[in-house]
Amino acid sequence: MLKIGLIGKPNAGKSTLFSAITSIDVDIANYPFTTIKPNVGISFVKDKCPENEINAKCNPREGKCLDGIRYIPVEIIDVPGLIEGASEGKGMGNEFLDNIRDADLIINLFDASGMTDMEGNPSESGHDPLDDIKFVNNEIISWMNGKISKDWQKFARKEDNSPERLDVKILQKAATFGLSEKDVSFIMTKESFPDKLIHWTDNDINRFSEAILKYVKPVFSIGNKLDLLTDDAIKALKDRENKLYMISAEYELLIEKAYNNGYISSDAIDFTFTDKSGEAQKTVLNRIKEKYRNGEIMRFYDVLTSIIKSLGYIVVYPVLDETKWEDKNGNVLPDAYLMKDGDTALDMAYKIHTDIGKNFIRAVNGRTKRVIGKDYKLLNNDVIKIISNSR
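Remember, predicted model here, so these are calculated numbers, not experimental data.

1. A word on the overall build of the protein chain
- Secondary structure assignment for the protein chain yields 13 helices and 12 strands.
- Against the compact-globule benchmark of 21 Å for 391 residues, the protein chain has a radius of gyration of 23 Å, which places it among compact chains.
- With respect to the principal axes defined by its C-alpha atoms, the protein chain has extents near 70 × 60 × 35 Å.
- Counting only residues that meet the buried cut, the protein chain has 50% of its 391 residues in that class.
- For the protein chain, restricting intrachain contacts to residue pairs at least 6 apart in sequence, the fraction spanning at least 24 positions comes to 65%.
- Element-wise, carbon and sulfur atoms account for 47% of the exposed surface of the protein chain, whose accessible area totals about 18,900 Å².
- Across the protein chain, the 54 positively charged side chains and the 61 negatively charged ones have centroids separated by 5 Å.

Put into structure tokens, the structure is as follows:
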């Protein structure tokens, strides 16, 4: 399952967002360090389900499918708030950051209202919210640098005597962040580093850390607390930083609670009211709905889906029966896997189980019914049967 680290300074609204998108109750308060240990839960990425192609309702083993939209589960790791000096251990920062070592991507949730200071304390004077983006990115880079540079001279002298390639040598350091040999090799094709590790400077290590975030473990900044800003203020912020995603964790939580309490028909923004909803609920929820209509603010599911798609992930459905798209128990399209664009049928076999990958024979395309080989490049919404002599 894809792992996503949710980080930011204290009081950025991470706990509120985590509760809304995972339906897990956590402590929420308007002061720093409400969260003192990581919260782990499941959220979802959305994609069109191929169930309509066979006129049969799918039976997801994990996640759900609503009105033809498949919700594919991803793991969310909500890390306690980071303060300046976190990479050096201040405020247990090193310990907190260790929780995102194996995250596939990182979301930096920042307070777009600017109404909290750098340590997350409420502040009427506030500060520039875009400073929070730079601060968190710098702390991540410094944290990585500290891990990589530890005992560097001893490590470099030993490895420089080895006949292994440079990417294999540096993998010993990079593996602590969940990188594979393939990941490190890709970085080496994109960036240039000294052939001898003993010649690497602090700047080279810093560039390598930056490359990890650029090519392998990207950081996406999402502005929160849009419910506290006017439309003009939101637009002004986006004009300054046009790559921002904007959400309101407070709105997300209110919509989720309204849906769970049966006040609205769905947790999508085109919800309708049920008989259980009163005028008070309708007034609040209609005001929230209006905020989303102008396009300046997005639902988190849509933001997350957009991010995942931008990274080249596709959704693939493994089945046992390529004609009915079922598993051995007759469940239709029971599993949906997030794979990277360029992954092959063999990659999918290994994702299902190592033994199935090792004993791969062939695969079958569920749409064309044609036999495909291990090198077949998967496409989004592919339905694939893997044939293996694994027991």
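2. Describing the layout of surface pockets
- In this structure, the largest pocket spans a volume of roughly 1,000 Å³.
- Around the largest pocket sit 29 residues that line it, and Asp104, Asp183, Tyr313, Lys340 and Asp343 are the ones nearest its centre.
- Those elements giving two or more residues to the lining of the largest pocket turn out to be helix H6 (181-190), helix H7 (202-216), strand S9 (337-340) and helix H12 (345-352).
- When its residues are assigned to classes, the lining of the largest pocket shows 14 nonpolar, 4 polar and 11 charged.
- Two domains each donate at least three residues to the lining of the largest pocket, and these are domain 1 (3-38 + 79-140 + 219-307) and domain 2 (314-388).
- Its boundaries defined by the atoms lining it, the second largest pocket holds a volume of some 540 Å³.
- Elements with a minimum of two residues in the lining of the second largest pocket: helix H3 (130-149), H7 and strand S6 (219-224).

3. Some remarks on the side chain of Lys173
- Summarising the element assignment, Lys173 is placed in helix H5 (residues 166-174).
- For the buried Lys173, no salt bridge is present, and the opposite-charge side chain at shortest range is Asp151, 6.1 Å distant.
- Only 2.5 Å separates the side chain of Lys173 from the backbone oxygen of Lys150, close enough to count as a polar contact.
- Contacts of Lys173, omitting those with residues within four sequence positions, involve Lys147, Ile148, Lys150, Trp152 and Phe155.

4. Notes on unusual backbone geometry
- Here the phi dihedral of Asp151 falls at roughly 55°; this positive angle occurs in a residue that is not glycine.
- Looking at the secondary structure, you find Asp151 in the loop between H3 and helix H4 (152-160).
- Phi at Asn381 is positive, roughly 70°, even though this residue is not glycine.

5. Quick word on the packing of helix H1 (residues 14-22) against helix H9 (residues 249-260)
- Closest axis-to-axis distance for the H1/H9 pair is 8 Å, and the angle between their directions is 30°. What the angle tells us is that H1 and H9 run roughly parallel. Read as a crossing pair, H1 and H9 show a hand that is left-handed. The segment H1 lies against H9, with Thr16, Leu17, Ser19 and Ala20 engaging Ala249, Glu250, Glu252, Leu253 and Glu256.
- Here the contact of H1 with H9 is built from residues that sort into 4 nonpolar, 2 polar and 3 charged.

6. Notes on the packing of aromatic side chains
- One pass over the full model with this rule turns up 12 aromatic pairs.
- Between the aromatic rings of Tyr71 and Tyr301, the centroid separation amounts to 5.9 Å while the plane-to-plane angle is 85°, which identifies the pairing as edge-to-face. Pair noted here: Tyr71 is in strand S4 (residues 69-78) and Tyr301 is in helix H11 (residues 300-310), with a separation of 230 residues, a long-range link.
- Judged by relative accessible area, which is 7%, Tyr301 ranks as buried.
- Taking the centre distance of 5.8 Å and the plane angle of 75° together, the rings of Phe193 and Phe208 count as edge-to-face.

7. Notes on the pattern of salt bridges
- Following the criterion strictly, the structure yields 19 salt bridges and no others.
- For Asp102, the salt bridge goes to Lys3, with nearest N and O atoms at 2.9 Å. With Asp102 in the loop between helix H2 (93-97) and strand S5 (105-111) and Lys3 in strand S1 (residues 3-7), the pair connects residues that are 99 residues apart, well separated along the chain.
- On the accessibility criterion, Asp102 (39% relative accessible area) is partly exposed.
- For Asp204, the salt bridge goes to Arg207, with nearest N and O atoms at 3.0 Å. Remark: Arg207 and Asp204 occur in helix H7; sequence separation between them is 3 residues, near one turn of the helix.
- Of the residues examined, Asp204 reaches a relative accessible area of 8% and is grouped as buried.
- The network of salt bridges with common partners includes Lys3, Glu75 and Asp102.

8. Section: the sheet that holds strand S8 (residues 313-319)
- In space, the 5 strands of this open sheet follow the order S9-S8-S12-S10-S11, with mixed pairing throughout. Edge strands, defined here as strands with exactly one partner in the open sheet, are S9 and strand S11 (371-372).
- Pairing of S8 with strand S12 (residues 382-388), which is carried by 4 bridges, proceeds in the parallel orientation. From the neighbouring strand, Val316 faces S12, where its bridge partner is Asp382.

9. Looking at the pairing of S4
- Buried residues dominate S4, accounting for 9 of its 10 residues.
- As defined by bridge partners, strand S2 (residues 39-48) adjoins S4 across 10 bridges and the pair is classed as antiparallel. Opposite Phe44, over in S4, you have Pro73 as the bridge partner.
- Bridge count for strand S3 (residues 64-66) against S4 is 3 bridges, and the pairing is antiparallel. The partner of Leu66 across the bridge, within S4, is Ile69.

How each quantity is defined
Residues numbered from 1 in each chain as written. Predicted model: local features only at pLDDT ≥ 70, side-chain atom pairs only at ≥ 80, totals over all residues. Heavy atoms only, no water. Helix = DSSP H or I, 4+ residues; strand = E, 2+ residues; numbered from the N terminus. Rg over C-alpha atoms; globule rule 2.2 N^0.38 Å. Buried < 20%, exposed > 50% of the residue type's maximum accessible area, 1.4 Å probe, protein only. Contact = heavy atoms within 4.5 Å. Areas by Shrake-Rupley, 256 points an atom, 1.4 Å probe, with all protein chains shown as cover. Lys, Arg positive; Asp, Glu negative; His and termini not counted. Charge placed at Lys NZ, Arg CZ, Asp CG, Glu CD. 1 Å grid on protein atoms, 1.4 Å probe; cavity = no way out; pocket = protein on both sides within 12 Å on 5 of 7 lines; lining within 4 Å. Points joined across faces, edges and corners; volume = space filled by probe spheres on them. Nonpolar A, V, L, I, M, F, W, Y, C, P; charged D, E, K, R; others polar. Domains from an automatic or database assignment. Salt bridge = Lys/Arg side-chain N within 4 Å of Asp/Glu carboxyl O. Polar contact = N/O pair within 3.5 Å; in protein donor to acceptor, adjacent residues only side chain to side chain. Axes fitted to C-alpha atoms, helices over the stretch in contact; angles between N-to-C directions. Parallel < 35°, antiparallel > 145°, perpendicular 65-115°, else oblique. Left-handed = near helix turned anticlockwise from the far one by under 90°. Phe/Tyr/Trp six-rings, centres within 6.5 Å; stacked < 30°, edge-to-face > 60°. Pairing = 2+ DSSP bridges.

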